[in-house]
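Listed here are the chains, written in short residue letters.
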Amino acid sequence: MDAILLQILNGLDKGSAYALIALGLTLIFGTLGVVNFAHGALFMIGAFCAVTLNRILTMGHQVIDPTRTDFLGNPLKVDVPYLHGLFGESMGNAIIDWSVPLAILISIPVMVIIGVIMERGLIRHFYKRPHADQILVTFGLAIVLQEIIKYFYGANPIPTPAPAAFSGTFDFGAAMGFDPHTIIYPLWRMLYFAFSVIIISGIFAFLRFTTFGMVVRAGMADRETVGLLGIDIDKRFTFMFGLAAAVAGLAGVMYAPIVSPNYHIGMDFLVLSFVVVVVGGMGSLPGAVLAGFLLGILESFASMAWVLNILPGLNQIIIYLVAIIILLVRPRGLMGRKGVMEE
Amino acid sequence: MLKMEKRDRNLLIIVTLMLVFAPFLLNPFPEGSVMAQFNAGYPDLMQRFVIFGIFAIGFNILFGLTGYLSFGHAIFLGVGSYAAIWMMKLLTMNVIPAIIMAIVISGIFALVIGWISLRRSGIYFSIITLAFALMSFALAYSVLTPITGGETGLQPKAADLRILDAPLAAGSTPRANLFGLEMSSSYKLEIGNWLFTFSAGYYIAAVMLLLSFYLSIRIFRSPFGMMLRAVKSNQQRMNYTGLNPKPYTLAAFVISGMYAGLAGGLMVAMDTQVGPERMFWTASGEVVMMTILGGAGTLIGPVLGAGLIKYMENIISKINASILHEWFYWLPDGLENLLVTVIYPFIGKGWHLTLGIIFMLVVIFLPGGLVEGSQKIGALIRRKLDRGKDKAKSSKSTKPAE
């Protein structure tokens, strides 16, 4: 029992990331009808928002510390972040420590702006072109974005620690009434799951309970009629693109402490998220979320030792295998409508 | 001759001449000069041009004609490579059985994968092939290690079985050959400061490219090619006329898979080793870029695209900041530094950025690729010339009095 619970937990954090990216992909697809291969790059840019904020906060000047000496006996030079001067030492350190959660605040406007620029500047011109062209141009854009990040941050992963308060582990076993120390789980990953649930429910609530969301849903169902009613649906769809970009960015920011961001982290996630979207059903938001979590958990079950003994390497291919089977047996995906994107 | 229209025959002749004289054409700068680093006429790179040219020609038969965008074609490149290397390990170091086996095995793989993935079209097809690509890579990397050699890959060893070959002399390493002619053997010709290398491997690959190119011309001009174009332009209408598009697309998929297998086999013939990274999905992305850059659906485009990308990968990527400084040393210091900082991100290690930008520009403005671009420029010049003639004519012709 506890082993199963542990695998479910393991699957949840990856599943959360898949679900968030897939949600964004589906939002873009459902509203604009565009297949966005650059969505993984947005996830990566989000992660690098966290890196950048961390760098800015730790920027400082060198001060000679007279009380300490280095190994040659000279007075030690110590880097002092500017924040210490602004807020005092303990407060400054606390801010640096919390740089990843703080990056959330910064990443939202940054990602929305990037998303809107992307939509207005590039993707807008591709609505009328074939899907293959959309895939190709966003694929090219993803490469360009990756290379820009690589130019500024280098090719190596950059460790971005979570706040000290969340870097510990949580003894699930003891809390749930099993033996203590059987299910130990990193706090940050639990937080990631909670965070993704909040964001996902936030998006759903936004679409369901606000007038804006209602118009967007109407536009997804029948764009032309909404336009005929005198509503500027294009503007709202552009904003939805920005929102989807922000969701991908947030997923990236919060993922930075789990996997140190490097420039191709986005591509790795993107491919899987596409598979997730297809399994969930093109254009279905609940389907994307459900499939994200399901596949995350499935992957972690497939990497259990006894499964690997029977079918070695299953964990590496399970997601693709499921996707291929689903596509062949139930082409519209778990919760998709029939006939979406079938030309 | 060869049952071709005149235009195609001319194209084939031009390609043949270019392939034969490539060692000269790609080596325009004398040894030791500043420009020598732009020379691409060394065997290793020329072989790569040709092999990836074959790969792209094959991909173009699928994507250019039917419009099915596969993101998994590197699978067949990898499968072909593994098949070839196993022939070299088990049978003989002669490249012919290796290449034949590469084509056959990758054809079988293409048949299976194509049969499954062609049940869906559009974006779904792309994603299924992508899933297959990732799956094959993961399998080759981990579970299938006994067959694929896992992360380290495979290469022929002295102790391998090799039924047909005479036992190797002690201490010698097995080398790929064609009835005794080693792939790596080459003839060097020195004229003045120029050094030209003619490698056996390159010419064998070039012959393969010519055959592939000829076959692709025949496919493009055949009724079968027309059918494939019909699949691209309107499948529904094709259905209504009573034709089933599936067999045609599957045939195109298998043919392009076999082309990829041939390219994989040739890669092994030139450089006897394989690793799973050859079938990573980015390799599939690369052939997509080659085809689009050059011009999908055109005959010569994919070869040009392959050449362009491989040239950038091998030549542009070598330029570093100090070389840039050398070039612009004649400028005032401030201007020199400015120019170098502006250009630097786009060359050397940043060549991917340039490639990405060029690729995006081509997709946005020139859906027909470089071939369409050059055609447009050609048409523009012709129009200018015509207008010039018209003007000359109209000025000469006397206007009738009103």
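Presented here is a report on the structure given in the accompanying data block. (Residues numbered from 1 in each chain as written. Chains lettered and ligands numbered in written order. Predicted model: local features only at pLDDT ≥ 70, side-chain atom pairs only at ≥ 80, totals over all residues. Heavy atoms only, no water.)

**Some thoughts on empty space enclosed by the protein**
All names here are of chain A. This structure, assessed with the given rule, holds one cavity of 30 Å³ or more. Estimates place the volume of the largest cavity at around 50 Å³. Of all the secondary structure elements, the ones that give two or more residues to the lining of the largest cavity are helix H1 (2-32) and helix H12 (265-280). Ranked by residues supplied to the lining of the largest cavity, first place goes to H1 with three residues. Among the residues forming the lining of the largest cavity, the class breakdown is seven nonpolar, two polar and no charged. (1 Å grid on protein atoms, 1.4 Å probe; cavity = no way out; pocket = protein on both sides within 12 Å on 5 of 7 lines; lining within 4 Å. Points joined across faces, edges and corners; volume = space filled by probe spheres on them. Helix = DSSP H or I, 4+ residues; strand = E, 2+ residues; numbered from the N terminus. Nonpolar A, V, L, I, M, F, W, Y, C, P; charged D, E, K, R; others polar.)

**Thoughts on the layout of surface pockets**
Considering only enclosed or pocket space, the largest pocket measures out at about 1000 Å³ in volume. Surrounding the largest pocket, 39 residues form its lining, Glu 277, Thr 282, Ala 283, Glu 286 and Glu 313 of chain B being those nearest its centre. Broken down by secondary-structure element, the contributors of at least two residues to the lining of the largest pocket are helix H6 (131-153) and H12 of chain A together with helix H3 (43-66), helix H11 (245-270), helix H12 (281-294), helix H13 (301-314) and helix H16 (351-365) of chain B. Taken together, the residues of the lining of the largest pocket break down into 18 nonpolar, 11 polar and 10 charged. The calculated volume of the second largest pocket comes to roughly 670 Å³. Broken down by secondary-structure element, the contributors of at least two residues to the lining of the second largest pocket are H6 of chain A together with H3, helix H6 (122-141), helix H9 (223-233) and helix H10 (235-240) of chain B. For the lining of the second largest pocket, the element with the highest residue contribution is H6 of chain A, accounting for five residues. Among the residues forming the lining of the second largest pocket, the class breakdown is 13 nonpolar, 11 polar and three charged.

**Some points on the packing of helix H5 (residues 99-121) of chain A against helix H11 (residues 233-255) of chain A**
Residues and elements named next belong to chain A. Axis separation between H5 and H11 bottoms out at 7 Å; the angle between their running directions is 145°. With respect to the hand of their crossing, H5 and H11 are arranged in right-handed fashion. Only Asp 234, Lys 235, Thr 238, Phe 241, Gly 242, Ala 245, Ala 246, Gly 249, Leu 250, Val 253 and Met 254 of H11 make contact with H5, whose side of the interface consists of Val 100, Ala 103, Ile 104, Ser 107, Ile 108, Met 111, Val 112, Gly 115, Val 116, Met 118, Glu 119 and Arg 120. Considered class by class, the residues forming the contact of H5 with H11 number 14 nonpolar, five polar and four charged. (Axes fitted to C-alpha atoms, helices over the stretch in contact; angles between N-to-C directions. Left-handed = near helix turned anticlockwise from the far one by under 90°. Contact = heavy atoms within 4.5 Å.)

**Here's the deal with the packing of helix H5 (residues 95-117) of chain B against H11 of chain B**
Residue and element names in this part refer to chain B. Taken N-terminus to C-terminus, the directions of H5 and H11 make an angle of 145°; their axes are 7 Å apart at the nearest point. The hand of the H5/H11 crossing is right-handed. Residues Val 95, Ile 99, Ala 102, Ile 103, Ser 106, Gly 107, Ala 110, Leu 111, Ile 113, Gly 114 and Trp 115 of H5 form the contact with H11, whose own contacting residues are Lys 246, Leu 250, Phe 253, Val 254, Gly 257, Met 258, Gly 261, Leu 262, Gly 265, Leu 266 and Ala 269. Here the residues of the contact of H5 with H11 sort into 15 nonpolar, six polar and one charged.

**With respect to the packing of aromatic side chains**
Overall, the coordinates contain 32 aromatic pairs over all chains when judged by the stated rule. Each ring, one from Phe 52 of chain B and one from Phe 55 of chain B, has its centre 6.3 Å from the other, and the planes form 55°; the classification is tilted. Of the two residues, Phe 52 of chain B and Phe 55 of chain B are both situated in helix H3; the distance of three residues between them amounts to about one turn of the helix. Take Phe 52 of chain B: its relative accessible area is 7%, and that puts it in the buried class. Since its relative accessible area comes to 1%, Phe 55 of chain B is described here as buried. Counting every residue linked through ring pairs, the aromatic cluster contains Phe 37, Phe 139 and Phe 274 of chain A together with Phe 71, Trp 281 and Phe 359 of chain B. (Phe/Tyr/Trp six-rings, centres within 6.5 Å; stacked < 30°, edge-to-face > 60°. Buried < 20%, exposed > 50% of the residue type's maximum accessible area, 1.4 Å probe, protein only.)

**Observations regarding the nonpolar core**
Counting residues in each nonpolar core, the largest one holds 233 residues, and the members touching the most others are Phe 37, Phe 139 and Tyr 192 of chain A together with Phe 71 and Trp 281 of chain B. Leave out the neighbours within four places in its chain, and Phe 139 of chain A touches Phe 37 and Met 267 of chain A together with Phe 71, Trp 281, Gly 285, Met 289 and Phe 359 of chain B. (Core = buried A, V, L, I, M, F, W, Y, C linked by side-chain atoms within 4.5 Å.)

**Some remarks on the interface of chain A and chain B**
Contact residues are listed per partner, giving 38 residues for chain A and 39 residues for chain B. Each partner contributes to the roughly 3600 Å² buried at the junction of chain A and chain B, and carbon and sulfur atoms together form 81% of this total. Scanning the region where chain A abuts chain B turns up zero salt bridges. Remark: the boundary between chain A and chain B carries two residue pairs in polar contact (both at pLDDT 80 or more). Going through the elements one at a time, H6, H12 and helix H15 (314-329) of chain A are the ones with two or more residues in the side of chain A that touches chain B. (Buried area = accessible area lost by both parts, 1.4 Å probe. Salt bridge = Lys/Arg side-chain N within 4 Å of Asp/Glu carboxyl O. Polar contact = N/O pair within 3.5 Å; in protein donor to acceptor, adjacent residues only side chain to side chain.)

**Re the environment of Ile 108 of chain A**
All names here are of chain A. Note that Ile 108 resides in helix H5. With 43 residues separating them in the primary sequence, Ile 108 and Tyr 151 have C-alpha atoms 23 Å apart. Discounting chain neighbours no more than four positions away, the residues touching Ile 108 are Ala 246 and Leu 250.

**Looking at the side chain of Ser 81 of chain B**
All names here are of chain B. Along the chain, the position of Ser 81 falls in helix H4 (residues 74-90). Among the polar contacts listed, one links the side chain of Ser 81 to the backbone oxygen of Gly 264, at a separation of 3.2 Å. Aside from chain neighbours lying at most four places away, what touches Ser 81 is Gly 264, Gly 265, Val 268, Val 274 and Arg 278.

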